[in-house]
Amino acid sequence: MMQVLVFVAAFAAFVSSMQASFFFPFDAAGKTGIHVSISDAALLAAAIILAILAIRRKISLASLIPPWPALAVLAATIVAFLANGSMSGIQEIIQVVEILCVGCVLFRVAAKEGKSENLVSGLLLAGALGTAVVALYQRFVLHAAPFHVGGLLDNRSALAAYLLLAAPWAAGRYLASGAKAHWGERAAAVLLVLSSFILASNLVVSFALVLGTILALVHPEEKSLFGSARQKGALAALLVAWIAITAFSGAERGAFAVYRRDATGRLVPSARIRRWQAGMTALYENPVLGVGPGQYQARIGRYYRGAVLKPDGLTDDIALYDVLADEPGTHGLWETIPVEGGLVAAAAWLLLIASGIGSALSNNRPGVAGAFAAVLLGGVAVNVWARGIGVLLA
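Parameters at a glance
Residues numbered from 1 in each chain as written. Predicted model: local features only at pLDDT ≥ 70, side-chain atom pairs only at ≥ 80, totals over all residues. Heavy atoms only, no water. Helix = DSSP H or I, 4+ residues; strand = E, 2+ residues; numbered from the N terminus. Contact = heavy atoms within 4.5 Å. Expected span 1.5 Å × (residues − 1). Buried < 20%, exposed > 50% of the residue type's maximum accessible area, 1.4 Å probe, protein only. Arc of directions from axis to C-beta. Core = buried A, V, L, I, M, F, W, Y, C linked by side-chain atoms within 4.5 Å.

Asks: Sorry, what's going on with the environment of Trp 68 here?
Replies: Along the polypeptide, Trp 68 turns up in helix H3 (residues 68–83). With 284 residues separating them along the chain, Trp 68 and Leu 352 place their C-alpha atoms 8.6 Å apart. Among residues more than four places away in sequence, those in contact with Trp 68 are Leu 351 and Ser 355.

Right under this line is the structure:
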């Protein structure tokens, strides 16, 4: 039974990197909009197996208790839902239970089983590299529109969120000083890191990626901060590669412009700045518990300064909110969480990331620490809390 659990963990990790291609063609909850993917089914199967193992006393009941940071995020989501209840809020609660709570328990139990971590890590690396290769093909061979270059994910924002977690983790797992890996695994990790630099959706994501990767390669137990001369050379090569790729790959430099010129030549606030202003207004009016889990898209329009322009007229709906928008409907983690759950949810998420970094460093897992650090910074630009992508947070 434990071997089955390890396989399910590996399978869930693999398909989470390819989640958009594996959605079942039906809505599992009628009109609620909850879709079920294979990774969801794998996590459900894992929960059942964990329960059976606990009943048969093969594992302790204490091992089924999720880490306290995951429980803090769950509690914050439930409280925000009770204050601003809606069906979308129930979906958010389900995702926290499924992705964080079940996911954390699953991988924690499976990692204790001998060499099972190698299986989970290997499949995760293969899925991440496969997603990146498909995205590169879309960009340079098919010449797809930038927003639709997502590999096996929905779009480049979802891809960027995924790479923020996958690339630093792969660097720490396979490239860091003392890492036990075959040359093929190292080559795959190098390709994934370089591909992530090429596919970065904007400069903020690009900087978060290189920062997280550097942190993943810094060995905390070395006498020198950056390790041996060989390790210093690797870090220098990494920086040179990042600078060269960023200069020529076309990472979007104007995504965070404060003002842009409209069709008449007037300087007007950019779409992203207007969205941040609306988010600050929403947080100011709902500081403690926010507007409700899953309510960002439905509620943010009313907090904009002035009318929100759509091609077919004025509306308070956020969808297609601005003709000058670079990516309508996209928003960062640190825009979404405070608006939906208030300061309580924002604090819970910061605790989750901080505890992840601390735990990773104390357990000599620099790649995991680098991934969480990349999320902390990259969350300004993209939202890593998405179905499939969120499995990696576990």
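Asks: Sorry, what's going on with H3 here?
Replies: Because an α-helix packs 3.6 residues into every turn, residues spaced three or four apart end up facing the same way. For H3, with 16 residues, the first-to-last C-alpha span of 22 Å sits near the 22 Å given by 1.5 Å per residue. When we look at burial in H3, the residues that qualify are Pro 69, Ala 70, Val 73, Leu 74, Ala 76, Thr 77, Ala 80 and Phe 81. The buried residues of H3 occupy an angular sector of 160 degrees when the element is viewed end-on, so they sit on one face. In H3, the exposed positions that point more than 90 degrees away from the buried face belong to Trp 68 and Leu 82.

Asks: What is the right way to look at the nonpolar core in this model?
Replies: Nonpolar side chains in soluble globular proteins tend to end up buried together. Within the largest apolar cluster, 95 residues are counted, with the highest numbers of intra-cluster contacts made by Leu 5, Tyr 162, Leu 192 and Trp 349. Broken down by element, this core gets its largest block of residues, 14 residues, from helix H6 (residues 156–174). The contact partners of Leu 192, leaving out residues within four places of it in the chain, are Leu 125, Ala 128, Leu 129, Ala 132, Leu 163, Ala 166, Ala 167 and Ala 170. Listed in part, the eight residues of the second largest apolar core include Ala 278, Val 291, Ile 300 and Val 339.

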